[in-house]
Amino acid sequence: MELTQLYYFYIASRYEHMTKAARQLNVAQPALTQAVHRLEEELGVKLFDRKGRGVVLNPYGKVVAAHLEKVFSQLDTMKEELFRLSGNQSNLIRLNVLAASLLMTEILIAYKKQRPECMFQLMQNEANPECDLVISTVAKAEEAAGASGEQQVFQENIYLAVPASSPYAGRPSIALTEVADADFISLAGSKALRNICDGYCRQAGFTPNIIFESDSPATVHDLIAAGLGVGFWPAYSWGTFSRKELVLLPIDSPDCQRSLILTCTSSNASMQVQDFYQFASAYMKQKIETEL
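Reading the values: rules and limits
Residues numbered from 1 in each chain as written. Predicted model: local features only at pLDDT ≥ 70, side-chain atom pairs only at ≥ 80, totals over all residues. Heavy atoms only, no water. Buried < 20%, exposed > 50% of the residue type's maximum accessible area, 1.4 Å probe, protein only. Helix = DSSP H or I, 4+ residues; strand = E, 2+ residues; numbered from the N terminus. Arc of directions from axis to C-beta. Contact = heavy atoms within 4.5 Å. Salt bridge = Lys/Arg side-chain N within 4 Å of Asp/Glu carboxyl O. Expected span 1.5 Å × (residues − 1). Core = buried A, V, L, I, M, F, W, Y, C linked by side-chain atoms within 4.5 Å. Pairing = 2+ DSSP bridges.

Novice: How should I be thinking about helix H2 (residues 18-25) in this particular structure?
Specialist: Spacing of three or four residues puts side chains on the same side of an α-helix, whose turn is 3.6 residues. Of the positions making up H2, those classed as buried are Met18, Ala21, Ala22 and Leu25. Angularly, the buried residues of H2 cover 100° about the axis, an arc narrow enough to put them on a single face. Where H2 is buried, its residues meet helix H1 (3-15), helix H3 (29-43) and strand E1 (48-51). Phi turns positive one or two residues past the end of H2, at Asn26, with a value near 60°.

Novice: Whenever I open this one, the pattern of salt bridges confuses me. Can you help?
Specialist: When charged atoms on two side chains of opposite charge get close, those side chains can pair. Overall, the coordinates contain eight salt bridges when judged by the stated rule. A salt bridge links Glu106 to Lys287, with the shortest nitrogen-to-oxygen separation between them at 3.1 Å. Here Glu106, found in helix H5 (residues 101-114), pairs with Lys287, found in helix H8 (residues 271-291); they are 181 residues apart in sequence, far enough to count as distant. Overall, Glu106 belongs to the partly exposed group, its relative accessible area being 26%. For Lys287, a relative accessible area of 22% corresponds to the partly exposed category.

Novice: Hey, could you run me through H3 in this one?
Specialist: Under the 1.5 Å per step criterion, the end-to-end length of H3 is 21 Å for 15 residues, consistent within 8% with the ideal 21 Å. For H3, the set of buried residues is Leu32, Ala35, Val36, Leu39 and Glu40. Burial along H3 is one-sided: seen end-on, the buried residues are contained in an arc of 140°. In H3, the exposed positions angled more than 90 degrees off the buried face are occupied by Pro30 and Glu41. Buried-residue contacts for H3 involve H1, H2 and E1. Just past H3, the residue Gly44 takes up positive phi, approximately 80°.

Novice: Looking at this model, I keep getting lost on the nonpolar core. Mind explaining?
Specialist: As a rule of thumb, soluble globular proteins bury nonpolar side chains together. Among the nonpolar cores identified, the biggest contains 60 residues, and Ile107, Leu176 and Phe276 are the most heavily contacted of them. Among the elements that make up this core, the one with the highest residue count is H8 (eight residues). Among residues more than four places away in sequence, those in contact with Phe276 are Ile93, Leu95, Met104, Ile107, Leu108, Tyr111, Phe120 and Leu133. Counting residues in each nonpolar core, the second largest holds 22 residues, with Leu6, Met18, Leu39 and Leu68 among its members.

Novice: Could you clarify how one ought to interpret the pairing of E1 in this entry?
Specialist: A regular strand places its side chains on the two faces of the sheet in alternate fashion. Here E1 runs beside strand E2 (residues 54-57); their pairing, made up of four bridges, is antiparallel. Bridge pairing in E2 places Lys51 opposite Gly54. Where E1 folds back onto E2 in an antiparallel hairpin, the turn is made up of two residues, including Gly52, whose phi is positive at roughly 65°.

Novice: What exactly am I supposed to notice about unusual backbone geometry here?
Specialist: Across residues other than glycine, the phi torsion is negative in most instances, and most of the peptide bonds are trans. For the peptide bond that leads from Ser253 to Pro254, omega is -10°, which places it in the cis range. With respect to the helices and strands, Pro254 occurs in the loop between strand E10 (246-249) and strand E11 (257-264). One non-glycine residue, Glu16, lies in the positive phi region at around 50°. Within the secondary structure, Glu16 is located in the loop between H1 and H2. We classify Glu16 as partly exposed; its relative accessible area is 30%. Phi angles above zero are rare outside glycine, and Ala100 is one such case at about 55°. Within the secondary structure, Ala100 sits in the loop between strand E3 (92-97) and H5.

Below, the structure is given as structure tokens:
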């Protein structure tokens with residue numbers, strides 16, 4: 001048995017969903033499925049049972065997953081001990097990026113220029129509590145999830161992006177009901193922003209006709225710019241865009257905003273974590289003020 005095979009199964013066991021697990025592992029779903037099948041062949045038993053379109057751990061799978069939980073927990077402990085021994089632990093920041101990945105990349109680059117000695121461990125895993133900072137998002141009307149430690153909440157407008165050639169392009173604003181029959185270019189369904197925007201469409205009384213979805217904001221931008229549809233666009237967290245090809249329209253109704261939540265989860269955060277938390281908070285605040 002290979003460690004990679006075991007880790008792939010371990011992540012799949014936590015999600016009980018091959019597509020989500022593959023996305024978390026940043027591998028193609030067929031590669032994940034093949035790795036699990038090879039492990040099952042070596043062990044001589046099936047580890048998952050099919051349930052509808054998904055999978056669930058069977059009794060054999062639960063036994064293997066329980067053992068691997070201990071193994072990978074020990075490996076994480078080993079890595080932390082090595083960091084402490086090397087003297088680098090105080091410079092390590094564990095950042096869980098569940099939203100605004102482009103903005104957080106921008107912030108990391110800016111911070112590294114000032115603090116080149118700082119190291120980041122990046123993850124995108126809602127189920128992983130082992131982090132120092134989390135950036136997440138909810139719709140404006142929702143309550144920010146309670147968390148220990150400090151928390152900053154920033155409001156971000158969500159615009160409707162339309163091609164420059166669209167008849168709506170010259171409008172000062174728009175209501176979502178006006179594009180109920182339009183084709184939408186959207187983020188992939190697992191993204192929190194996608195769920196928020198789908199919710200606003202439901203408030204407006206329709207389900208968006210999504211003709212293409214992607215994990216990449218750049219792809220969403222390019223397809224809208226090419227005139228293939230319309231889409232939602234966060235005001236500042238997706239970076240710059242070509243104003244010659246796209247037009248961003250404020251949405252009159254419903255009130256489309258989201259909350260970006262930066263949480264410092266460490267109860268005893270290091271000076272480096274606190275410094276980055278303050279830097280990121282100030283950076284995001286400046287972004288909002290610039291956008292306004």
